[in-house]
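# Understanding the architecture of this molecule
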There are 2 protein chains.
Amino acid sequence: MSWRKDQRRAERGYHHGNLKEALLQAALDLIAQKGAAGFTFADAARMAGVSPAAPYRHFRDRDELLASIAQRGYEQFEQQLTQAWDDGRPDTATAFERVGKAYLRFAREEPSFYSAMFESGLPVESNPALQAASERAFAVIRAAAERLAALAPPGLPRPPAMMMALHIWSMSHGIASLFGRGDAARRKLPMSPEELLEAEVLIYLRGLGFPTDRKPSAEPGARSAEPPPVPASDGPAGSPTGPWGRPK
Amino acid sequence: MSWRKDQRRAERGYHHGNLKEALLQAALDLIAQKGAAGFTFADAARMAGVSPAAPYRHFRDRDELLASIAQRGYEQFEQQLTQAWDDGRPDTATAFERVGKAYLRFAREEPSFYSAMFESGLPVESNPALQAASERAFAVIRAAAERLAALAPPGLPRPPAMMMALHIWSMSHGIASLFGRGDAARRKLPMSPEELLEAEVLIYLRGLGFPTDRKPSAEPGARSAEPPPVPASDGPAGSPTGPWGRPK
DNA sequence: CAGCTCATGTGAAAGACGTTTACATGAGCC
DNA sequence: GGCTCATGTAAACGTCTTTCACATGAGCTG
């Protein structure tokens, strides 16, 4: 009946050797299958081929394992956002938009991490390391917003970068939470989450007075020979189509 | 030792009389205390003073109780939004902003419902009644967006109301989820969630070409003698302050 | 290499929950 | 008064979390 367990032990010996990693991996798989709420310490142990008590040698309790996953999630998240931002290349606006897309991509492609980070009900503020990781991730968005704010058209008051960052974050998070996952919580949408976010950000930036044609690659210092983009706020004669495409 | 239970039973007789309601109420209290994940069927039964098996006479399982709460939540949510919208009185923009605030207020003042609705991991689409209730709530936002879209300045392409509704929804939801609750998941903010949302919506609407002075009460058909508000997209000479107040 | 030590894993057990089943109660109806 | 059925109880099962005493063996020390 229980030859599986014994065989497994025979294969690997009394000591697992890398249980902590194995547990984290197992937890990720399980969360992907059954959600952050459905995931079980005992299941992870089973999947790693150890007794239900073994995990306690590596994590104080179930919540600490979840927190570890969330923390790794924030680290990967930060990395993805940083990579998407690519220090603002080739131009700030393009890079900025990539960051928003990276947010959605992360939510879709790493639903387990996303779950542990944002939906597990973990008290972020009670875990300093977790909070720090979360803040480092947000700092990427904030830095991007800072650079973008610096490009705000002169003559208008410059928007606070922190506010912009929070706005972009909440847009991305709202879309990701409501519509962003593989098949969970999906309502029928007239457009993809990516398109939805792209339009939202474009409209928002236009509201701040940024020029918003599709290729706003003309920055002070950029080596562009084109004429500067026409601000979208030119009036009725200005842009005939909005960020959502031509009306049908 | 167990006189409490017996006494309770003596007070109310063998039959509870209103167990279903009592369980829903108990569950709300428990979710408020310990979160949607921490809430327990047995606890609710205890709080209602009945045996752990009694709830099964009223709910197929724990998830059905949670779904009932979520459904009531959506109904109350719809009601609050409808009331905030007040059919667009006194003017569309004011009422629209009230809807956003109502969203945040609901998240803050009914965290139990909000939890059950958005954070419990319930598969909304698997429960037709729940899904319908959720869609009725969204329909309020959508109807408001419809009215607002109809007021879009002429000459520019009219934004799709559905898209606007989804944008407003995701903004509100993002802010509520990230910053909106009593003390959970709160990061230190330079402004209140309400102010953050108000600024975001204002910037967004301006991006769509809507006039955005603080009292945009001039609508076609409104009994206003003022001149129409100046569009915010007038250029550098236009509005000296943004939605976030004067720069310091 | 022998022996020690300590990190790591095991098994058993206690206590909580979810859920089912057979049985008890009593409110409402004939 | 007696029946019936919705509603509640007790007991039991399997699972999960967590703890504790004990087992194992990897790696250091001499």
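How each quantity is defined
- Position numbers for residues start from 1 in each chain and track the written sequence from start to end.
- Going through the entries in the order they are written, you letter the chains from A and number the ligands from 1.
- Only residues with pLDDT of at least 70 are given local features in this predicted model, and only at 80 or more are side-chain atom pairs given and counted; all residues enter the totals for whole chains, interfaces and linings.
- Calculation of side-chain values draws on the structure's entire complement of heavy atoms; hydrogens and water are dropped beforehand.
- Neighbouring residues are identified by heavy atoms, a residue being near a molecule or strand if any of them is within 4 Å of it.
- In the analysis that follows, any N or O atom pair within 3.5 Å is treated as a polar contact, provided that within protein one partner can donate a hydrogen and the other can accept it, and provided that, for residues neighboring in sequence, both atoms belong to side chains.
- Per the convention used, a helix needs a DSSP run of H or I reaching at least four residues, while a strand needs a run of E reaching at least two, with both numbered from the N terminus.
- In this count, Pro and Cys sit with the nonpolar residues alongside Ala, Val, Leu, Ile, Met, Phe, Trp and Tyr, while Asp, Glu, Lys and Arg are called charged and the others, Gly among them, polar.
- Within 6.5 Å between ring centres, the rings of Phe, Tyr and Trp (the latter by its six-membered ring) count as paired, and their orientation is classed by plane angle as stacked under 30 degrees, edge-to-face over 60, tilted in between.
- Exposure categories follow from relative accessible area, calculated using a 1.4 Å probe and restricted to protein chains: below 20% of the type maximum is buried, above 50% is exposed, and the middle band is partly exposed.
- We define a salt bridge as a contact between a side-chain nitrogen of Lys or Arg and a carboxyl oxygen of Asp or Glu at a distance within 4 Å.
- We call two residues in contact when some of their heavy atoms are within 4.5 Å.
- Each axis is a line fitted through C-alpha atoms, taken for helices only over the stretch in contact, and angles between the N-to-C directions span 0 to 180 degrees.
- Every angle not falling under 35 degrees, over 145, or within 65 to 115 is termed oblique; those three ranges are roughly parallel, roughly antiparallel and roughly perpendicular.
- Crossings are assigned a handedness: left-handed for a near helix turned anticlockwise from the far helix by less than a right angle, right-handed for a clockwise turn.

Near DNA strand C lie 25 residues; those nearest to it are Tyr 14, Ser 51, Arg 57 and His 58 of chain A together with Ala 42 of chain B. For DNA strand C, the backbone makes up 62% of the atoms found within 4 Å of the protein, where backbone means sugar plus phosphate. Here a phosphate oxygen of DNA strand C sits 2.7 Å away from a polar atom, N or O, in the main chain of Ala 42 of chain B. Only helix H1 (3–12) of chain A together with helix H3 (41–48) of chain B provide two or more residues apiece to the surface near DNA strand C. Counting residues per element, the surface near DNA strand C draws most heavily on H3 of chain B, at three residues. Class assignment of the residues belonging to the surface near DNA strand C gives a composition of eleven nonpolar, seven polar and seven charged.

Next up on the list: the protein's contact with DNA strand D. Around DNA strand D lies a shell of 25 residues, among which Ala 42 and Tyr 56 of chain A together with Ser 51, Arg 57 and His 58 of chain B are the nearest. The contact atoms of DNA strand D, taken as those within 4 Å of the protein, divide so that sugar and phosphate hold 61%. The separation between a phosphate oxygen of DNA strand D and a polar main-chain atom of Phe 41 of chain A is 3.1 Å. Between DNA strand D and Ala 42 of chain A there is a distance of 2.8 Å, counted from a phosphate oxygen to a backbone nitrogen or oxygen. Elements represented by at least two residues in the surface near DNA strand D include exactly helix H3 (41–48) of chain A together with helix H1 (3–12) of chain B. Examining the composition of the surface near DNA strand D, we find that three residues originate from one element, H3 of chain A, more than from any other. Split by residue class, the surface near DNA strand D holds eleven nonpolar, seven polar and seven charged.

As a further point, take the packing of aromatic side chains. All names here are of chain A. Within the structure shown, the criterion is met by 18 aromatic pairs over all chains. Ring centres 5.0 Å apart and planes at 80° place the aromatic pair Phe 77 and Tyr 103 in the edge-to-face group. Of this pair, Phe 77 sits in helix H4 (residues 62–85) while Tyr 103 sits in helix H5 (residues 92–109), placing them 26 residues apart in sequence. Under the relative-accessibility criterion, Phe 77 is labelled buried at 3%. The class of Tyr 103 is buried, set by a relative accessible area of 1%.

Let us look at the pattern of salt bridges. In total, this model carries 26 salt bridges over all chains according to the counting rule given. Among the salt bridges present, the one from Glu 21 of chain B reaches Arg 72 of chain B, with a minimum N-O distance of 2.5 Å. Remark: Arg 72 of chain B occurs in helix H4 (residues 62–85) and Glu 21 of chain B occurs in helix H2 (residues 19–38); sequence separation between them is 51 residues. Linked by salt bridges that have partners in common, Lys 34, Asp 43 and Arg 46 of chain A make up one network.

It is worth spelling out the environment of Leu 166 of chain A at this point. When you line up the elements, Leu 166 of chain A lands in helix H8 (residues 161–179). Sequence spacing of Leu 166 of chain A and Arg 142 of chain A is 24 residues, and the spatial spacing of their C-alpha atoms is 7.9 Å. The contacts of Leu 166 of chain A, once residues within four sequence positions are left out, are Phe 138 of chain A together with Phe 179, Leu 189, Pro 190 and Leu 196 of chain B.

Residue and element names in this part refer to chain B. Contact geometry for H2 and helix H6 (residues 111–119): axes closest at 8 Å, N-to-C directions at 70°. Taken together, H2 and H6 sit at an angle that is classed as roughly perpendicular. You can see that H2 and H6 cross each other, and the crossing is left-handed. Side by side, H2 and H6 meet where Leu 28, Ile 31, Ala 32 and Ala 36 of the first sit next to Ser 112, Phe 113 and Ser 115 of the second. Here the contact of H2 with H6 is composed, by residue class, of five nonpolar, two polar and no charged.

This brings us to the side chain of Ser 115 of chain B. Residue and element names in this part refer to chain B. Structurally, Ser 115 can be placed in helix H6. Note on Ser 115: relative accessible area 10%, which makes it buried. Dropping the residues within four chain positions of it, Ser 115 is found in contact with Ile 31, Ala 36 and Ser 120.

Attention now moves to the environment of Ala 137 of chain B. All names here are of chain B. Here Ala 137 is to be found in helix H7 (residues 128–150). The buried category is assigned to Ala 137, whose relative accessible area is 2%. Each C-alpha atom, one on Ala 137 and one on Gln 80, is 9.2 Å from the other, the two residues being 57 residues apart in sequence. In contact with Ala 137, other than residues within four places in its own chain, are Tyr 74, Phe 77, Glu 78 and Leu 81.

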